[in-house]
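Inside the fold
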Amino acid sequence: MSNPAIRKIQIIDSHTGGEPTRVVIAGGPELGGGTVADRLEVFRERHDPFRSAVVNEPRGSDVVVGALLCEPADKCCAAGVIFFNNVSYLGMCGHGTIGLVVTLAHLGRIQCGEHKIETPVGVVTATLYPNGEVSVANIPSWRAKKAATVDVPGLGPVTGDVAWSGNWFFLIEKHGLDLSLATVDLLTDYTWRVRQAVNAQGFPEVDHVELFGPSTSPGAHSRNFVLCPGKAYDRSPCGTGTSAKLACLAADGKLAEGAAWVQESIIGSTFKGSFTWLDRAAGKVAPVITGTAFVNSEITQLLDERDPFCWGIRA
């Protein structure tokens, strides 16, 4: 027997390099007008249970990244999007933008070519290629602090770079850890401890921690492990994380403008990145990240308020 009180949410799921993106294409909350950034604030303040319902258990999991499809305020854009995860909202999401573009193509809303996407932190440009790859020209990125050292309880001093790329990152090279799936629990514990110390000791805005080291895969320049805000690790090489890495490489003169950088994830998937200078004096670059996503399901979620876990299981 149907229940008219049950709310239906239309979802397209995809993954980019193993990292899931859950695009809400219909049934989302009414957020009013204004920019996507304005509507993010309405979402956060008035409709946060919807975020939890879509991505948290019992419908989702800690690793799922949500993307609410919106009408763009900027009419040059093909779409607007608000990204969110198990605990909060994201300014920008590289893997999620690739997933969004492939989803829009799956729905027949866009064709191959260049498309602008309005995000809460600015407009990005995505290019869909005939072979299914997507390039994302990210927002301006830069390193805010080189070699910041924090004292991490139980670990001692840890040194890393602080960088902005649509999200705030703390990037660590000298960690002495094996970046492999076999050590995920250890890597998660390490990066979570680091994040708490980084937030407490001068960088409260940092919500991603990125470890990087040598790659074992032919053609890749580096392997990384990225801890996301909700304590899940990124299965992809992380689009904004790769952008932050490119900003640091550029600042150190370790990668030439326009040169390719292949970033490998902890599960072996890769993104190809490059950058152009926007402002050498300020260290600002325009990163471009290229990867591939695949649609893997079309879902109708049901929100029934009689269900005690209708709005997700939240910590």
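Residues numbered from 1 in each chain as written. Predicted model: local features only at pLDDT ≥ 70, side-chain atom pairs only at ≥ 80, totals over all residues. Heavy atoms only, no water.

Description of the layout of surface pockets
- Space inside the largest pocket adds up to approximately 410 Å³.
- Lining the largest pocket are 20 residues, with D161, E173, F212, D252 and K254 sitting closest to its centre.
- Elements supplying a minimum of two residues to the lining of the largest pocket: β9 (142–152), β10 (156–164), β11 (168–172), β12 (208–213) and α5 (239–251).
- The dominant element in the lining of the largest pocket, judged by the number of residues it contributes, is β10, at four residues.
- Here the lining of the largest pocket is built from residues that sort into eight nonpolar, five polar and seven charged. (1 Å grid on protein atoms, 1.4 Å probe; cavity = no way out; pocket = protein on both sides within 12 Å on 5 of 7 lines; lining within 4 Å. Points joined across faces, edges and corners; volume = space filled by probe spheres on them. Helix = DSSP H or I, 4+ residues; strand = E, 2+ residues; numbered from the N terminus. Nonpolar A, V, L, I, M, F, W, Y, C, P; charged D, E, K, R; others polar.)

A few points about empty space enclosed by the protein
- Tallied over the full model, the rule gives two cavities of 30 Å³ or more.
- Approximately 150 Å³ is the volume attributed to the largest cavity.
- Lining of the largest cavity is provided by 20 residues; of these, V65, L90, H208, C228 and D234 occupy positions nearest its centre.
- Put simply, the parts of the chain that give the lining of the largest cavity at least two residues each are α3 (94–106) and α5.
- If you add up the space inside the second largest cavity, you get close to 50 Å³.
- If you go around the second largest cavity, the residues you meet are M92, G94, I98, V136, N138, G239, S243 and I289.
- Put simply, the parts of the chain that give the lining of the second largest cavity at least two residues each are α3 and α5.
- The class makeup of the residues in the lining of the second largest cavity is four nonpolar, four polar and no charged.

What about the nonpolar core?
- If you look at the biggest cluster of nonpolar residues, it comprises 59 residues, and the most contacted ones within it are V134, V158, F170, I172, V194 and F225.
- Element by element, the count of residues in this core is highest for helix α4 (residues 184–200), at six residues.
- The residues contacting V158, other than those within four sequence positions of it, are A148, T149, V150, V152, F170, I172, Y190 and V194.
- Grouped together as the second largest cluster of nonpolar side chains are 20 residues, V24, V36, F50 and V64 included. (Core = buried A, V, L, I, M, F, W, Y, C linked by side-chain atoms within 4.5 Å. Buried < 20%, exposed > 50% of the residue type's maximum accessible area, 1.4 Å probe, protein only. Contact = heavy atoms within 4.5 Å.)

Quick notes on the packing of aromatic side chains
- Taken as a whole, this structure holds seven aromatic pairs when the rule is applied.
- Between F43 and F50 the ring centres are 6.2 Å apart and the planes differ by 55°, which places this aromatic pair in the tilted class. Each member of the pair, F43 as well as F50, is classed as buried.
- For the pair F43 and Y89, a centre-to-centre distance of 5.2 Å together with 65° between the ring planes defines the contact as edge-to-face. Of this pair, F43 sits in helix α1 (residues 36–46) while Y89 is found in strand β5 (residues 89–90), placing the two residues 46 residues apart along the sequence. As far as burial versus exposure is concerned, F43 and Y89 are alike and both buried.
- These aromatic residues form a ring-pair network of at least three members: F43, F50, F84 and Y89. (Phe/Tyr/Trp six-rings, centres within 6.5 Å; stacked < 30°, edge-to-face > 60°.)

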